[in-house]
Structure formats: structure tokens, C-alpha cells
Amino acid sequence: MILSLAAAAAMSSGSSSSLNSSSPLDPFDSSTSWSLGEDPSNSSSEPVVRTLTPELQPGTTAVAVQEVSPWDIALCVTGTLISCENALVIAVLFYTPTLRAPMFILIGSLAVADLLAGLGLILNFVFTYLVDSSVEFVTLLSVGLLISAFSASVLNILAITVDRYLSLYNALTYHTERTVTFTYVMVIFIWVSCLTLGLLPALGWNCLKDDSTCSICRPVTKNNAVALAVTFLLVFALMMQLYLQICKIAFRHAQQIAVQHQFVAISTTKGVSTLSAILCAFGACWLPFAMYSIVADSTYPVIYTYATVLPATCCSVINPIIYAFRNPDIQKSLWMACCGCVPSNLSLRPRTSSDV
């Protein structure tokens with residue numbers, strides 16, 4: 001700016017009368033408009049002096065650059081993987097007309113829930129770093145979507161467990177229209193309940209105006225977080241009870257078959273091992289977060305929250321592997337879609353809900 005003023009003084013040295021009659025040039029006058037230009041008095045071959053004028057100077061308000069957390073990157077990557085896996089499951093179920101049994105309805109509902117959970121993790125990253133997260137609507141939308149999606153995921157896993165139990169307990173009457181109706185009622189109840197839970201923060205059950213009542217997941221209140229965690233523990237206990245009953249029924253059937261055919265049903269032991277692995281994986285993913293939500297609040301270090309949230313989200317990564325990709329009918333559809341053939345070693349026996 002000093003160079004510009006010197007150039008202006010040099011240009012006006014030949015016309016002192018004009019200079020005396022005009023008002024002094026105030027570089028701090030807000031009415032003065034400057035532009036990026038060359039010094040007109042410099043007619044030699046020397047390098048042209050360019051000046052950055054006030055017109056193009058950056059604003060006086062400094063914009064803080066938020067540092068990206070590696071934990072948020074990990075959650076975003078996990079959400080992307082979840083979305084891709086479950087979108088594939090939904091596409092297979094949608095474009096395969098033969099996959100319309102109650103078991104596949106529940107698998108599809110679980111895939112939709114996990115897909116929304118993955119998209120919620122991605123949107124949470126976008127809202128945190130690319131959108132003004134101070135806007136209440138953005139925060140409530142992100143949290144509401146995550147609560148609804150993950151709640152639906154857990155309840156759909158419970159519904160699949162109930163379906164497996166009923167397929168063994170009522171084996172003779174399972175394949176009826178009443179079972180299909182009951183399955184649709186379960187799915188509708190799950191989604192209505194979970195959407196209601198997701199709307200609670202937007203309806204006023206939040207801690208945006210009182211940070212002292214916040215849980216480890218703002219803006220969910222501490223009381224609501226404890227209620228959700230206790231509900232999950234009850235769901236987990238019910239799943240354990242149902243899987244225990246499934247194992248008892250499976251062993252009883254295996255003993256009856258062994259007496260009739262004089263052999264031990266090895267597949268039953270394998271099925272029980274699979275059920276145990278499924279239950280242990282589910283508990284390992286969600287129990288740390290549920291227990292931490294009960295004992296902790298917003299004053300605890302955020303790294304502990306990330307360390308418990310990340311395993312919980314990984315449950316939605318393994319759900320398609322456990323409940324969809326292990327199914328021979330879905331495997332057949334995938335092979336047909338990818339290469340137009342079915343491997344000879346792929347079992348084409350009709351899959352039932354009691355299979356694990």
C-alpha cells in the first residue's frame with residue numbers, strides 16, 4: 001500500500017494545482033476502492049510492482065480450521081464399508097423373487113437398518129467437518145438417524161432370533177400365512193419404535209441447552225442414554241435365553257435322530273458352536289458401549305467414547321456376513337449375478353430359519 005501511495009504522489013507531481021484543490025488521499029478511508037494493478041510510473045524494464053489492494057484483502061474474521069480426528073475417519077470408513085455391504089444384500093433380495101420367505105424379510109429389514117447406520121456415520125462426518133455443526137437441526141438430524149438405525153439393527157437381530165426359535169418350536173405350522181403376517185407385524189413394530197426413538201431428541205429430549213445433562217453422545221441426555229443401554233441389556237438377555245432354548249431343542253432333535261439312525265448328529269454340535277460365536281460377537285461389539293453409557297457422562301475423556309463406539313459400529317459390518325452371505329440361497333444369487341454360474345460345491349438344499 002505504501003508503494004501505491006508513492007506512485008500516486010509521483011503521478012500528481014506535474015499538476016500541483018489539481019492536487020491542492022483535491023482532498024488528501026486517505027488510505028484508511030472506507031470509501032476508497034483499491035484494485036490489483038501495476039505502477040503506471042514504472043516505464044522501465046524493471047519488474048512490475050504489483051500491490052494487493054484492500055479490495056481483495058482477506059476478511060478480518062479468521063476462520064478456524066478444525067483438525068480431523070483419526071477416530072472420526074475410522075468411523076467414516078466403517079460407515080462406507082457398512083453401506084456397501086448392506087446395499088449389496090438389499091439388491092440381491094430385491095432382484096431375486098424367490099427370496100420372499102419370512103427369514104429373508106427379516107434379513108432385508110436388518111440390511112436396511114445397517115445401511116442407514118452406515119449412511120448416518122458418513123453424514124455425521126460430513127456434518128462435523130464440512131457443515132456448520134453449531135446448527136441445532138444438523139446435530140439433531142444426525143443423532144436421530146444414528147439412534148433409529150442402530151436401534152433397528154439390534155431389534156432386527158432379536159427378531160431373527162425369535163424367527164429361528166419359532167421355526168424349531170413350531171416346525172409343523174411355521175410355513176403358513178400366519179407366520180408371514182407375524183413377520184410383517186414384527187418388522188412394522190420395530191421400525192415404528194425405532195423411528196420414535198430417533199425423533200425424541202428433536203422433540204425436546206436433548207441437552208443442547210444444558211450441557212451438564214449430556215451423555216457421552218451429545219445431544220442425547222444422560223437419562224435417555226441409560227434407558228437405551230438398559231433396554232439393550234434386556235434385549236441381549238432375551239437373545240441369550242432364546243439361543244439357549246434353540247440349543248436345547250436342537251440337541252433333543254439330534255438325540256431322536258441318533259436313536260433312529262444309530263449315529264451322532266455332528267452338524268448339531270457345529271450349529272451350537274455357530275450360535276455361540278454369533279452371540280459372543282454381538283455381545284463383544286455392543287456390551288462395552290452399553291456399559292460405558294451407563295457409568296459415564298459428557299465429562300469423561302472423549303477417547304473412551306470413541307473406543308467403545310467403534311466396536312459397536314463394527315457389528316453392522318459383520319451382520320451381512322453372519323445373516324446373509326452365509327446363506328446358500330443368497331450365495332447362489334450372488335454367483336448368478338456376478339458370473340452367471342453356480343459352483344458345484346455350493347449346497348442347493350433349501351435353507352430354513354432353523355439353520356445357522
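For the structure itself, look to the data block above.
Notes on the structure in this doc start here. Model, not experiment: these values are computed from the prediction.

1. A few points about a nonpolar patch on the surface
Logical step 1: A contiguous nonpolar surface patch, about 490 Å² in accessible area, is contributed by Trp71, Tyr300, Val302, Ile303 and Tyr304.
Logical step 2: The dominant element in the nonpolar patch, judged by the number of residues it contributes, is helix α9 (residues 302–325), at three residues.
Logical step 3: Relative to the assigned elements, Ile303 resides in helix α9.

2. Details of the packing of aromatic side chains
Geometry of an aromatic ring pair is reported as the spacing of the ring centres plus the angle between the planes.
Logical step 1: Counted according to the given criterion, the structure contains eleven aromatic pairs.
Logical step 2: Relative to Phe289, the ring of Trp286 has its centre 6.3 Å away and its plane inclined at 65°; by these criteria the two rings are edge-to-face. Of the two residues, Trp286 and Phe289 are both situated in helix α8 (residues 266–295); the distance of three residues between them amounts to about one turn of the helix. By the burial criterion, Trp286 is buried, and Phe289 matches it.
Logical step 3: Pairwise contacts between aromatic rings join Phe150, Phe232, Phe236, Phe282, Trp286 and Phe289 into one cluster.

3. Concerning the state of the cysteines
Logical step 1: On inspection of all chains with the given rule, the structure shows one disulfide.
Logical step 2: With its sulfur 1.9 Å from that of its partner, Cys207 forms a disulfide with Cys214. The sign of the S-S torsion, about 100°, decides the handedness of the disulfide formed by Cys207 and Cys214: right-handed.
Logical step 3: Cys285 provides the cysteine sulfur closest to Cys315, a residue in no disulfide bond, and the two sulfurs are 4.7 Å apart.
Logical step 4: Residue Cys315 is classed as buried on the basis of its relative accessible area of 2%.

4. Some points on the packing of helix α4 (residues 102–129) against α9
Logical step 1: Packing of α4 against α9 brings their axes to within 10 Å, and their N-to-C directions diverge by 155°. The orientation of α4 with respect to α9, classified from their angle, is roughly antiparallel. Crossing handedness for the pair α4 and α9: left-handed. Contacts between α4 and α9 pair Ile107, Leu110, Asp114, Ala117 and Leu121 from the former with Thr313, Ser316, Asn319, Tyr323 and Ala324 from the latter.
Logical step 2: When its residues are assigned to classes, the contact of α4 with α9 shows six nonpolar, three polar and one charged.

5. Here we look at the pattern of salt bridges
Logical step 1: Counted by the stated rule, this structure contains one salt bridge.
Logical step 2: One salt bridge connects Arg218 with Asp211, and the closest N-O pair in it is separated by 3.4 Å.
Logical step 3: Classification of Arg218 by relative accessible area gives partly exposed; the value is 45%.

6. Quick look at the nonpolar core
Generally speaking, soluble globular proteins have nonpolar side chains that are buried together.
Logical step 1: Counting residues in hydrophobic clusters, the biggest one holds 66 residues, and the most contacted among them are Ile107, Met239, Tyr243, Phe282, Trp286, Tyr323 and Ile330.
Logical step 2: Elements supplying a minimum of two residues to this core: α3 (70–94), α4, α5 (136–169), α6 (177–199), α7 (222–261), α8, α9 and α10 (328–339).
Logical step 3: Here the element with the most residues in this core is α5; it accounts for twelve residues.
Logical step 4: Sequence-distant contacts of Trp286, that is, excluding residues within four places in its chain, are made with Phe150, Val154, Phe232, Ala312 and Cys315.

Here is what the cut-offs are and how they apply
- Residues numbered from 1 in each chain as written.
- Predicted model: local features only at pLDDT ≥ 70, side-chain atom pairs only at ≥ 80, totals over all residues.
- Heavy atoms only, no water.
- Patch = residues over 30% accessible without salt bridge, like charges linked within 9 Å, V, L, I, M, F, W, Y side chains within 5 Å.
- Areas by Shrake-Rupley, 256 points an atom, 1.4 Å probe, with all protein chains shown as cover.
- Salt bridge = Lys/Arg side-chain N within 4 Å of Asp/Glu carboxyl O.
- Helix = DSSP H or I, 4+ residues; strand = E, 2+ residues; numbered from the N terminus.
- Phe/Tyr/Trp six-rings, centres within 6.5 Å; stacked < 30°, edge-to-face > 60°.
- Buried < 20%, exposed > 50% of the residue type's maximum accessible area, 1.4 Å probe, protein only.
- Disulfide = S-S within 2.5 Å.
- Axes fitted to C-alpha atoms, helices over the stretch in contact; angles between N-to-C directions.
- Parallel < 35°, antiparallel > 145°, perpendicular 65-115°, else oblique.
- Left-handed = near helix turned anticlockwise from the far one by under 90°.
- Contact = heavy atoms within 4.5 Å.
- Nonpolar A, V, L, I, M, F, W, Y, C, P; charged D, E, K, R; others polar.
- Core = buried A, V, L, I, M, F, W, Y, C linked by side-chain atoms within 4.5 Å.

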